Structures are given as C-alpha cells and as structure tokens.
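Breakdown of the fold
Letter by letter, the chains look like this.
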Amino acid sequence: MGKTTFNGSLNLNYSGERPKVQGELTLPVLDLRPFMTGQPAAQEEPPQSLAEVYRELAKATFNLNELNSMDADLTLHVGRWLNLPGAAHDAKLQVKLDHGRLMVPVQATVADVMLSGSASADASVTPARFNLALGTHDSSLGNLAALMFGMPDVRGQLGRFDLRIAARGDRGSELMKSLDVRLNVEHGKLSYGNGEGGHPVQFYLDNLVVALPAGKALRGEAHGELLDKTFSGTLHGGSLTDIMREAHAPVDFELQAGSARAQIHAVLQPPAENSGSEATFELSAPHSGEIAGWLGLKPGADAPISLRGNFHTDKDSWHLADFALQLGHSNLSADVLRTFDDGKSLVKLQVTSDLVDVDELQSLLPEAKEKTPAATSSTANMIDIPILPNGISLADADIMVRIKRIANASPFAVRDLHFDGRIRDGMMSASPFAANIAENNFSGTILLDLRAQQPHSVLQLSADALDIGSILNKLGIARNIDAGVDHLSLQLDLHSSRLGQVLAQSELAVSFEGGHLTLQDANIGGKMRIALSNGELKSAAGSPVYLDLIGSLDNIPISIGIQTAKAVDLINPKLPIPFKFNASTSRSEE
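Everything numeric here is computed off the predicted structure, so don't read it as measured data. (Residues numbered from 1 in each chain as written. Predicted model: local features only at pLDDT ≥ 70, side-chain atom pairs only at ≥ 80, totals over all residues. Heavy atoms only, no water.)

**Overview of the environment of N143**
Position of N143 among the secondary structure elements: in the loop between β7 (129-140) and α3 (144-149). Taking the C-alpha atoms as reference points, N143 and A111, separated by 32 residues in sequence, lie 4.7 Å from one another. In contact with N143, other than residues within four places in its own chain, are A111, D112 and R155. (Helix = DSSP H or I, 4+ residues; strand = E, 2+ residues; numbered from the N terminus. Contact = heavy atoms within 4.5 Å.)

**Things to note about the packing of aromatic side chains**
Within this structure, the stated rule accounts for three aromatic pairs. The interplanar angle of 50 degrees and the centroid separation of 5.9 Å between the aromatic rings of Y192 and F203 together place this pair among those described as tilted. Placement of Y192 in strand β9 (residues 180-192) and of F203 in strand β10 (residues 201-212) is noted, with a sequence separation of 11 residues between them. As far as burial versus exposure is concerned, Y192 and F203 are alike and both buried. On the numbers, 5.6 Å between centres and 35 degrees between planes, the contact of F311 with W318 is tilted. Looking at F311, the relative accessible area reads 32%, which means it is partly exposed. (Phe/Tyr/Trp six-rings, centres within 6.5 Å; stacked < 30°, edge-to-face > 60°. Buried < 20%, exposed > 50% of the residue type's maximum accessible area, 1.4 Å probe, protein only.)

**Considering the pattern of salt bridges**
Under the counting rule described, the total for this entry stands at 18 salt bridges. The salt bridge involving D354 is made with K404; its shortest N-O contact spans 3.5 Å. You can see D354 sitting in the loop between β19 (344-353) and β20 (356-357) and its partner K404 sitting in strand β23 (residues 397-407), a full 50 residues away along the chain. On the basis of relative accessible area, D354 is assigned to the partly exposed category, the value being 44%. Given a relative accessible area of 53%, K404 falls into the exposed group. The network of salt bridges with shared partners includes R160, D162, R164 and E186. (Salt bridge = Lys/Arg side-chain N within 4 Å of Asp/Glu carboxyl O.)

Right under this line is the structure:
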C-alpha cells in the first residue's frame, strides 16, 4: 500500500454490530500520507520538520467520524515511520478502537530518544476529540532540540520530557486550527555549541514550560543556570498557526540574571531561505561582575555594562550590525560581516570608539591563561566570549579601526588612532597606521602576526618637529629642559595581547635626526644650548631605557648618555624615576 509494507495475521469479523479487525502486523515501513490524503503514494520526501507535518495535516482529507464505522484490536510493530519527522523508528502501537473511541498506547524512537505515551481519539462526540501524550524520563536529549526548536547543536541529558497535544474537529484543517500544545522539560544537564568548530557551553535547565494554546500566542518560562549563574527567562511569540504557516516567525525572549537583563527579539526562518533569520538584542547590567563568567570578565568586576546590536544570518553568511558596547568608561561600536572569499571564511570588521580607558579595561579582564602549544594559531586569532559557542576568527579579515581617544595612567594623551589592515592566514603585512600622541602626529605602519601562541605586532612610526622637552616635563624627568627633534622614527615590537602589558613585554627602538637641547639653570637662569645631530633610544622588555645623543656645544662635538627606568615604569606617575646622566666632549667628561 504505497510505501507501506506489512506482514502478519489479520482477522475480520462481521458478525457484530460493526466490523472488527484483529491481529498483529509487522510494518517495516509505515507511511500514512496516502490514508490521510486519499491520494496515491506520495513521491516527495517525507516531512523533515514539525512545520511540514502541520501543513500536511492541515490539508489532509481524512474524517475522524469514520472511526465509528468499525472496531479494532491490533498490535503494530513499525520499523520506519515515514510521515513523522525525527527519523521515527522501532515503534510499537496497541490499537484499540471501540464504538468510535480510539486508544493507542505508543512506544517509538523519535529523534534518537525512546518516547512512550498514548494517542487517543473520540469520534462518538461532536466535534471529535484528539489527544497525544509522549514523554521520557532520565534520558538522553538526542536530537529533540533540533526537532522541537531547530537547535541541532544542543546536547545533554533530561530528567523529564513531557509533550501533550489536544485538538477538536473531524478533519485535519479543524484539528490544526484547534491544536493546543504543552511542553514540560525538567532537570536538563545540557550544552549548546556542539556543532563543527564550536566549543560546548554548559547550562542546567531546572524547568522549561512552553504553552501554545489554540489560537493564542506562544508563552514560555525557563529557570536554570548558565555557566554557574542562575537565570530565569520568559518567551513570547505568535500563535501556533502563525508559527507553522508563516515564513517569518517573531519570538521575544527575556533573560534575567541578578540585576542583569537581556532582551532578544528574533525573526526566525530556515537558513535555506534567502532572507535568513534576524535578531535584535540588548544586554545591560549595573554590575558587570554578576555576569562576568558569561562575558569573560574578571570575577568581581563592578563596572556597568550595556550592549546592543542586530544579528542577521542567511545560508552562507552572518552580519552583526549596529553593535554598541559600553563597559565602564569605554565605548565601542562595530560592524562585523562574515562571508566567503575564494571558498574561505572572510571577516570584515569595522570598529570605532570615542573612548577606550586602558587601565579600567585592564582591571576588568582576567589574567591571560597559558595556551597549550597545540592550541596556538587556532586560538591566537580568535575573539572568544564564553557565552558564545563560536568565536570570531581573524585569521582572514579586513579590518578598519578608528579610536578618538585612549585614556591611561600615563601623562600622554593618545588621540585619533586609526589603521586599516588585511589579514590572510593569520598574517597582516605592514598596513597604514596613525595616531596623535602627546600632541604630536605620528604616522607609519603596523604589522600583525596571529599565527603564534602569543600575538606579535611591529609598529613603525615617524613624526616631525617633536617637542621632547614637553614630554620629559610630563614624565617628571626634567622640568628645565627645552628640547626638540626635527625628525623621529620609532619601532615598537609588541608581544602581548593585553594593552596594559604592551610596554612591559615589548621592545622599543627610537632614532632622532636634527634638533636641539637647551639646559637651563633654574637658580641663575643660565642656559646651555646643544645642537643635536642624531640620537638613539633603546628599551628591551624588562630592561632600563637607554638614550644616546650626538651633537655639538659651541661647535664642540658632544655625546650625551642617559639611563633611566624601565619603559613601563616611566609612564607610571606613582613611581620614582632613577636617572643617570653622562656627557662627554672631545676635551672633558662629566
């Protein structure tokens, strides 16, 4: 009968008030679509989702009143049940039909989970009633999350899964319009992010209750723990008819964790559709430490945080637009597009900021953990947020950065930083870079290598007409020196991914060309002016800063050598600054 095949024994009895069929059948394949539609065997593929089943049943031509025409007592063993999604198989049904009342205890494996329960229909009343109850206890989640919610990357164990469906009507269209669905899940030890390239994020579900009353909006509640932080959530959406029939299904989800609150408005659609799915989100917390484990912040962090954005996915790409983050005093806006170029994933990242408070951010971020050698390039080029199963890989990326101001504990103001880069296979060749540092405009290039365990970059900058005296005065090294150079070139070799550790773990080399150095006696007002020819400054990681200058005093060649503190200590106004000065001419030495 169509794709349905069976063997076994049947007994037809016509001696009673109505015909009665009895027996036991084995059905290697069961496809009820021809029975529901009255049409020959369907040639198309069986339904792959609950929405497809809903639409098929809504068009079905069967009439439950026909249950009054006969009685039955059958045992059915089904190998594959084609007209149900979730790869239903190995089902056992005890069919009892008596005077229009159908009762079918059911056992079946659906979505890799053994479910048991019963289906019933009562055609002796008008309109007919239909009920289905399926559930399991202490079971694997299998693929139920994919079947019920379209979330194939969720895995784990369930304490309880209970699905109940009720409907009224004689025909499929009537049953679907009156369908009432209730779902109850308890004690789930679960994780999401189990797909390819993701890292599982653990969460515990105390309970999840979802209700879709007939003709009314979806509502749901959930309570549990996400990365050891308790949460409660509410879910709201359209009616079952809207969700199953509409291409775009709006859903609103609100999550509360302590004083932190997240809101998500999503329009869901299968990724195969051109328009994809879209979600807008907001998260705010007056104390970021409450959700530090979610965002990768240091436990106990107390700065307020807020973020929002719009996330859109389609079959081959995703786009994070209008993203805005405020963390303490720092703010950031970003636009991130992940697409494909020559068959490889490509990220296009644009970042802008009015203010980045380096010292505050440093206090909010945990110390970097040592990575194993095996996790070098795959993690060095990844932006990871613990609550997200997939990081953003910058191994292949086009980047644009614009920052108006960088605040730090040093006396040097950094403004108008910008650079544009093109990273391929974890390597960005020298790319344009510029910034205003201590009221001096620097321009040059930045090279970035994300292929090693510790990110490595080389910054090469130059500037003209620098007021060195002002810089020394701000550092507290010298207050009575008038100094300037005509041209300066520097190279900063960076070996840290944390802004606060840049100078501590980096090497600095600076060369000077032309300029002057005027020393003034604060007591008697005398001045000594030295014409500078060239100079060199060097600072290795963890070592003192060395400065060598070559020039002339009254046409007499002079060499000046200065040794002072480590570079990272020089910009800390709270630390004393050791200072060694040596000057020599062709005639004498001091």
